[in-house]
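# Examination of the molecular architecture
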Amino acid sequence: MATPFRLGWFGNLTAPEWRDGWSTDDATGWTDGRFHVEMVQAMERAGFDFMMLEDSLMVSDIYAGTAELELKHAVYAPKLDPVPVISMLAYATEHIGIVGTASTTFYPPYLLARAFSTLDHVTRGRVGWNAVTSSEDRAAQNFGMERIPEHDRRYDMAGEFVDVVRKLWASWAPDAILADATTGYYADHTKVAPIHHDGEFFTVRGPLNTPPSPQGRPVICQAGASPKGRAFAAANADMLLTIPNGLDGMKEYRDDIRARAAAHGRDPDDVKVFFVVEPVVGRTDEEARAKHEDYLAHAQRNYEFQMVNFAATMEIDFSVFDPDLPIPDDVTTNGHQGQFAIWKEAFGGRPIREAAGAMRIGSIELIGSPATVADRMEEAMEHVGGDGFMFLSQPPSRSYIADITEGLCPELARRGLIRTGFRHATFRENLRSF
Ligand SMILES: Cc1cc2nc3c(=O)[nH]c(=O)nc-3n(C[C@H](O)[C@H](O)[C@H](O)COP(=O)(O)O)c2cc1C
């Protein structure tokens, strides 16, 4: 009997595939949100648990001191704000969870608690919040700061931020709404209380002015990789996103998070871990390999894309290094520390240009027919212990989405490896249902 796992998609509200000439309308038309609506509908039909929308708050010009390559490849900009787009994606679907990213360093906690409570209402209990600390000076400079706060301090702020948000979400008792025409009371003021939070980073009176939402507390998602990030995630998150290298790295991460969650008195099964992969699927193994070869043939484009990706998220200007040598040993970052260590390991001491030109972001390589890829996914989950995968494709194309939703997912469903329906109304209940 197969043990089922879950699927999510690492979505970017950026331009979908615009370089191959096949979906020319999408190249500029995607900003009306319809491309992503059709994408999330395909995922819901195919058996995905959720779509996640990443976010950042800057146009990065770290690589070589210019935004040229960032904008040339549309890596993180131009993009749309995920928070309002969640409403649209949810209105076009019935069951799938939708996770939006919002930063604990830049949002005021009151606005965030209110926005996600509102989203929980309008999605009828299907929203998740990807709580990130952000990592970029360029983003900080859009919010009156010169530099992003230091890495571990950001997590201290994030811990208090989540505490405030939780208190605000709980500032209305579940039965505070009466709507009683006989007594003339809409809401019971004795069940709505200020929180009077006065902490190191935030002072918030409360209560929230939004009524209790279907989940009460929207699903919390997190992607901490450093020790401090893992501690924060294990204490607070319902789901985690991660890209460790290889099967042993995946198992180490999941075991560590589960042990940390248990140490906080939590049931480890309430914390689901999703591993990022970018499957390359064809009708046959040969067809999939040909697609992969085609990707490798764009080595210079891939290299430039990854350089911006690394520079934007780690604020390290890779242009100062010799691309024909490995990453120097003494480079550190105040950005995504855990992720940087993992990428360095993935480069395996190879020259930067060569490694980045052939790189796909993901914990394991999945290339083949639906049956081949399904075999590998099943083996991986057996090794790691469970939970699920999150697919990434930067940028996604309609044909890539179809490879996954019409090719791979039916094979996974036939084997009983992914969900074929949703038994519960809310995202959290569905996340915990197996
Ligand atoms: C799959 C995945 C998705 C992430 N999405 C975002 C995002 O949308 N916005 C963001 O600022 N950081 C994002 N991050 C970064 C994490 O929040 C975190 O900072 C990073 O994994 C490094 O871990 P650390 O902060 O513990 O060093 C993501 C990380 C991963 C692995």
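Residues numbered from 1 in each chain as written. Predicted model: local features only at pLDDT ≥ 70, side-chain atom pairs only at ≥ 80, totals over all residues. Heavy atoms only, no water.

You'll find the chain entered in an unreviewed UniProt entry as NtaA/DmoA family FMN-dependent monooxygenase, with Pseudonocardia xishanensis given as the organism. Taken from UniProt, the Sequence similarities (unreviewed entry) comment for the chain reads in full: "Belongs to the NtaA/SnaA/DszA monooxygenase family." (UniProt positions renumbered as here; feature names shortened; annotations may be inferred.)

This part is about the overall build of the chain. Counting its regular elements, the chain contains 16 helices and 14 strands. In terms of overall size, the chain behaves like a compact globule, its C-alpha atoms giving a radius of gyration of 22 Å where 434 residues would be expected to give roughly 22 Å. For the C-alpha atoms alone, the extent of the chain along its principal axes is close to 75 × 50 × 45 Å. Within the chain, buried positions represent 55% of all 434 residues. (Helix = DSSP H or I, 4+ residues; strand = E, 2+ residues; numbered from the N terminus. Rg over C-alpha atoms; globule rule 2.2 N^0.38 Å. Buried < 20%, exposed > 50% of the residue type's maximum accessible area, 1.4 Å probe, protein only.)

This part is about the side chain of E70. With respect to the helices and strands, the residue E70 is situated in helix α3 (residues 68–72). It turns out E70 is buried and unbridged, and the closest side chain with the opposite charge, K79, is 7.3 Å from it. E70 has contacts with V59, S60, V75, Y76, A77 and V308, leaving out every residue within four places of it along the chain. (Lys, Arg positive; Asp, Glu negative; His and termini not counted. Salt bridge = Lys/Arg side-chain N within 4 Å of Asp/Glu carboxyl O. Contact = heavy atoms within 4.5 Å.)

Within the structure, the ligand sits among 23 residues, and D55, H151, Y155, A223 and S226 are positioned closest to it. In the model, a nitrogen atom of the ligand is placed 2.7 Å from a nitrogen or oxygen of the D55 main chain. For the ligand, an oxygen atom lies 3.4 Å from a polar atom in the side chain of T101. Looking at the shell around the ligand, the elements that each hand over two or more residues are β4 (127–132), α7 (151–169) and α12 (337–347). For the shell around the ligand, the element with the highest residue contribution is α12, accounting for three residues. Of the residues contributing to the shell around the ligand, the split by class is 10 nonpolar, 11 polar and two charged. (Near = heavy atom within 4 Å. Polar contact = N/O pair within 3.5 Å; in protein donor to acceptor, adjacent residues only side chain to side chain. Nonpolar A, V, L, I, M, F, W, Y, C, P; charged D, E, K, R; others polar.)

Here we come to the packing of aromatic side chains. Per the stated rule, a full pass over the model turns up 17 aromatic pairs. Judged by centre distance (4.4 Å) and plane angle (10 degrees), the ring pair of F106 and F143 falls under stacked. Within this pair, whereas F106 is found in the loop between β3 (97–103) and α5 (109–122), its partner F143 is found in the loop between α6 (137–140) and α7, the two being separated by 37 residues in sequence. Ring plane angle 45 degrees and centroid distance 6.2 Å describe the contact between F116 and W129, whose orientation is recorded as tilted. (Phe/Tyr/Trp six-rings, centres within 6.5 Å; stacked < 30°, edge-to-face > 60°.)

When you tally the buried positions in strand β14 (residues 388–392), you get five out of five residues, the bulk of the element. The side-chain alternation of β14 yields two buried faces, one formed by G388, M390 and L392 and the other by F389 and F391. With five bridges connecting them, strand β1 (residues 6–11) and β14 associate as parallel partners. Bridge pairing in β14 links R6 to G388. Sheet topology note: the strand β11 (residues 272–277)/β14 ladder contains four bridges and is parallel. Bridging across to β14, F275 finds its partner in F389. (Pairing = 2+ DSSP bridges.)

With that out of the way, let us pick up the sheet that holds strand β10 (residues 239–242). The sheet built from eight strands closes into a barrel, its strands ordered β1-β2-β3-β4-β9-β10-β11-β14 with parallel pairing. Averaged over all adjacent pairs, the angle separating strand axes in this sheet is 25 degrees, with direction ignored. Pairing between β3 and β4: six bridges, direction parallel. Its bridge partner lying in β4, G100 is registered against W129. On the sheet, helix α4 (residues 82–91) packs against β2 (50–53), β3 and β4 and is oriented at approximately 175 degrees with respect to β3. Relative to the sheet, helix α9 (residues 246–263) contacts β10, β11 and β14, its axis offset from that of β11 by approximately 160 degrees. (Axes fitted to C-alpha atoms, helices over the stretch in contact; angles between N-to-C directions.)

For the peptide bond that leads from G206 to P207, omega is -5 degrees, which places it in the cis range. With respect to the secondary-structure elements, P207 resides in the loop between β8 (203–204) and β9 (219–222). The omega torsion across Q394 and P395 is -5 degrees, close enough to zero to call that bond cis. Here P395 shows up in the loop between β14 and α15 (398–414). Positive phi, close to 65 degrees, is recorded for S134, a residue that is not glycine. Within the element layout of this structure, S134 appears in the loop between β4 and α6. With phi around 45 degrees, H196 is a residue other than glycine that occupies positive phi space. Tracing the chain through its elements places H196 in the loop between β6 (185–187) and β7 (197–198).

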